[in-house]
Amino acid sequence: LGVHDDNSELTVNVALSEDYEGGTLALYHRARVAHPQRLEKRPYHHRVGLGTMLLHPGELLHEVLPLTAGERQGLIVWLRSDAYRRQHGCALCRRTD
């Protein structure tokens, strides 16, 4: 997947496979620019073993780098809270309605 953010307060990413190459998750330090992968600041590259979970803010820009071998599988859960959004706004647009 290309660079994107999630419409969630929190994203849960559970690794369901580990027999692949490439496919690393790149996290971009909350950079809100058109092409964060081109910044001089290095992204955090994350790869976990089978059954390992990563949590990150849904507003964090991230991408999955190209897969070079095998098959990458994961369970992704987007957690959202109506109460939080009414008080603080949407993680992406900050609207409270």
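For the structure, see preceding data.
Residues numbered from 1 in each chain as written. Predicted model: local features only at pLDDT ≥ 70, side-chain atom pairs only at ≥ 80, totals over all residues. Heavy atoms only, no water.

## Describing the overall build of the chain
For the chain, the helix and strand inventory stands at 1 helix and 8 strands. Put simply, the chain has 97 residues, and 32% of those count as buried. Sequence separation of 24 or more characterises 82% of the internal contacts of the chain that already satisfy a separation of 6 or more. When the accessible surface of the chain is totalled, it reaches about 6,500 Å², and 53% of it is carbon and sulfur. (Helix = DSSP H or I, 4+ residues; strand = E, 2+ residues; numbered from the N terminus. Buried < 20%, exposed > 50% of the residue type's maximum accessible area, 1.4 Å probe, protein only. Contact = heavy atoms within 4.5 Å. Areas by Shrake-Rupley, 256 points an atom, 1.4 Å probe, with all protein chains shown as cover.)

## Quick word on the side chain of Thr11
Its place among the elements puts Thr11 in strand β1 (residues 10–15). One polar contact links Thr11 to Ser8, side chain to side chain, over a distance of 3.0 Å. In this view, Thr11 contacts Asp6, Leu54, Leu55, His56, Gly58, Ile76, Val77 and Trp78; residues no more than four positions away in its chain are not counted. (Polar contact = N/O pair within 3.5 Å; in protein donor to acceptor, adjacent residues only side chain to side chain.)

## Observations concerning the nonpolar core
Among the nonpolar cores identified, the biggest contains 5 residues, and these are Leu25, Leu27, Leu54, Leu60 and Val64. Excluding its chain neighbours within four sequence positions, the residues that come into contact with Val64 are Leu1, Gly23, Thr24, Leu25 and Arg72. (Core = buried A, V, L, I, M, F, W, Y, C linked by side-chain atoms within 4.5 Å.)

## Remarks on the sheet that holds strand β3 (residues 25–27)
Ordered by their spatial adjacency, 3 strands build an open sheet running β4-β3-β6, and the pairing between neighbours is antiparallel. Among the strands making up the open sheet, the edge pair consists of β4 (44–46) and β6 (62–64). Ignoring strand direction, the axes of neighbouring strands in this sheet form an average angle of 20°. With 3 bridges connecting them, β3 and β6 associate as antiparallel partners. For Leu27, the partnering residue across the bridge sits in β6 and is His62. (Pairing = 2+ DSSP bridges. Axes fitted to C-alpha atoms, helices over the stretch in contact; angles between N-to-C directions.)

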